Amino acid sequence: MRVLVTGGVRSGKSRHAESLLVGESAVRYVAPGPVRDDADWQERIAAHRARRPASWTTVETGDLAGALATDEAVLVDCLGTWLTRLVDDAGMWDATMPDLAAYVDGAVDRGVEALSVAGGTVVLVTNEVGMGVVPEHRSGRVFRDLLGSVNQRFGAACDEVHLVVAGRVLRL
Ligand SMILES: Nc1nc2c(ncn2[C@@H]2O[C@H](COP(=O)(O)OP(=O)(O)OP(=O)(O)O)[C@@H](O)[C@H]2O)c(=O)[nH]1
């Protein structure tokens, strides 16, 4: 079973994603975003860790395909931060859109392939962006476009896509 969970910031999508894995004996929690050390972020992370069952393991890595290569159930939170880290690490925010799209597509290919052979339940969390005003800065516009495509690719590779709004879940 592969599920993509999408929604806005603080929509309740992480909690919903976690609830889909209740009953799994072992879960690999994958945090694929950039390493950040500001106090606000550390507080958020601490709250997440406190609510995870003791039997879950945490993997902090940008290597999505590698993190999916397991027979354990996997929760990836989230594809938005994964994308940010992917482009950050490659130093590609100023690259042309075709170059960026091709680079991200290659990484998505590897992720989708790993997803297709993963041994257990996989839940991927992502962000629903692009429903508001056009971002003022180019990096915001680029991120919005790329993440839309990433979501479509992973959505197509999943059995189900769930949209979370105001804590309510709509199965698409
Ligand atoms: N590095 C790291 N990140 C973590 C860990 N646990 C959670 N996170 C990150 O915390 C982020 C989620 O933070 P939230 O504040 O709950 O997200 P949100 O989008 O505002 O809210 P929801 O929609 O309710 O999930 C995700 O990017 C996770 O990867 C951890 O142990 N380590």
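It should be noted that the structure appears before, not after, this text.
This write-up is about the structure you can find in this document. (Residues numbered from 1 in each chain as written. Predicted model: local features only at pLDDT ≥ 70, side-chain atom pairs only at ≥ 80, totals over all residues. Heavy atoms only, no water.)

### As for the site of the ligand
Argument step 1. Near the ligand lie 19 residues; those nearest to it are Lys13, Ser14, Arg44, His48 and Asp77.
Argument step 2. Lys13 is positioned such that a nitrogen or oxygen atom in its side chain is 2.4 Å from an oxygen atom of the ligand.
Argument step 3. Note that an oxygen atom of the ligand is positioned 2.7 Å from one of the side-chain N or O atoms of Arg44.
Argument step 4. With the chains in place, 90% of the 670 Å² that the ligand exposes on its own is no longer accessible.
Argument step 5. Going through the elements one at a time, α1 (13-19), β2 (27-31), α2 (39-51) and β3 (56-60) are the ones with two or more residues in the shell around the ligand.
Argument step 6. At five residues, the largest contribution of residues to the shell around the ligand is made by α2.
Argument step 7. Across the shell around the ligand, the residue classes break down as five nonpolar, seven polar and seven charged. (Near = heavy atom within 4 Å. Polar contact = N/O pair within 3.5 Å; in protein donor to acceptor, adjacent residues only side chain to side chain. Areas by Shrake-Rupley, 256 points an atom, 1.4 Å probe, with all protein chains shown as cover. Helix = DSSP H or I, 4+ residues; strand = E, 2+ residues; numbered from the N terminus. Nonpolar A, V, L, I, M, F, W, Y, C, P; charged D, E, K, R; others polar.)

### Let's talk about the sheet that holds strand β1 (residues 2-7)
Argument step 1. The sheet built from seven strands is open, its strands ordered β3-β2-β4-β5-β1-β6-β7 with mixed pairing. Each having just a single partner strand, β3 and β7 (168-171) make up the two edges of the open sheet. Averaged over all adjacent pairs, the angle separating strand axes in this sheet is 20 degrees, with direction ignored.
Argument step 2. By the bridge criterion, four bridges tie strand β6 (residues 160-165) to β7 in an arrangement that is antiparallel. Bridged to Val165 within β7 is Arg168.
Argument step 3. Sitting on the sheet, helix α6 (residues 138-157) touches β1, β5 (122-125) and β6, and the angle it makes with β1 is about 145 degrees. (Pairing = 2+ DSSP bridges. Axes fitted to C-alpha atoms, helices over the stretch in contact; angles between N-to-C directions. Contact = heavy atoms within 4.5 Å.)

### Examining the environment of Ala50
Argument step 1. Secondary-structure assignment places Ala50 in helix α2.
Argument step 2. Considering only alpha carbons, one finds Ala50 and Leu146, 96 residues apart in sequence, at a separation of 32 Å.

### Some thoughts on the packing of aromatic side chains
Argument step 1. This model, assessed by the stated rule, comprises one aromatic pair.
Argument step 2. Taking the centre distance of 6.3 Å and the plane angle of 90 degrees together, the rings of Trp82 and Phe154 count as edge-to-face. With Trp82 in helix α4 (residues 79-90) and Phe154 in helix α6, the pair connects residues that are 72 residues apart, well separated along the chain.
Argument step 3. On the basis of relative accessibility, which here comes to 0%, the residue Phe154 falls in the buried class.
Argument step 4. Sitting over the face of the ring of Trp41, Arg36 holds its NZ or CZ atom 4.2 Å from the ring centroid.
Argument step 5. Against the face of Tyr29 rests Arg52, its NZ or CZ located 3.6 Å from the ring centre. (Phe/Tyr/Trp six-rings, centres within 6.5 Å; stacked < 30°, edge-to-face > 60°. Buried < 20%, exposed > 50% of the residue type's maximum accessible area, 1.4 Å probe, protein only. Lys NZ or Arg CZ within 6 Å of the ring centre and 35° of its normal.)

### As for the environment of Ala157
Argument step 1. With respect to the helices and strands, the residue Ala157 is situated in helix α6.
Argument step 2. You can call Ala157 partly exposed: its relative accessible area is 30%.
Argument step 3. When the C-alpha positions of Ala157 and Trp82 are compared, they lie 17 Å apart, and in sequence the two are 75 residues distant.
Argument step 4. Setting aside chain neighbours within four positions, we find Ala157 in contact with Arg2, Val112 and Leu115.

### Focus: the environment of Thr58
Argument step 1. Within the secondary structure layout, Thr58 lies in strand β3.
Argument step 2. On the basis of relative accessible area, Thr58 is assigned to the partly exposed category, the value being 36%.
Argument step 3. Separated by 28 residues in sequence, Thr58 and Val30 place their C-alpha atoms 6.0 Å apart.
Argument step 4. Setting aside chain neighbours within four positions, we find Thr58 in contact with Tyr29, Arg49 and Arg52.
Argument step 5. Here the side chain of Thr58 touches Arg52 through a polar contact of 3.0 Å, side chain to side chain.

### Quick word on unusual backbone geometry
Argument step 1. Between Asp77 and Cys78 the backbone carries a cis peptide bond, its omega angle lying at 10 degrees.
Argument step 2. Mapped onto the elements of the fold, Cys78 is located in the loop between β4 (73-77) and α4.
Argument step 3. Of note in the backbone geometry, Arg10 takes a positive phi value of approximately 55 degrees without being a glycine.
Argument step 4. Mapped onto the elements of the fold, Arg10 is located in the loop between β1 and α1.
Argument step 5. Phi angles above zero are rare outside glycine, and Ala166 is one such case at about 50 degrees.
Argument step 6. Its location among the elements puts Ala166 in the loop between β6 and β7.
Argument step 7. Using a relative accessible area of 72% as the deciding quantity, one classes Ala166 as exposed.

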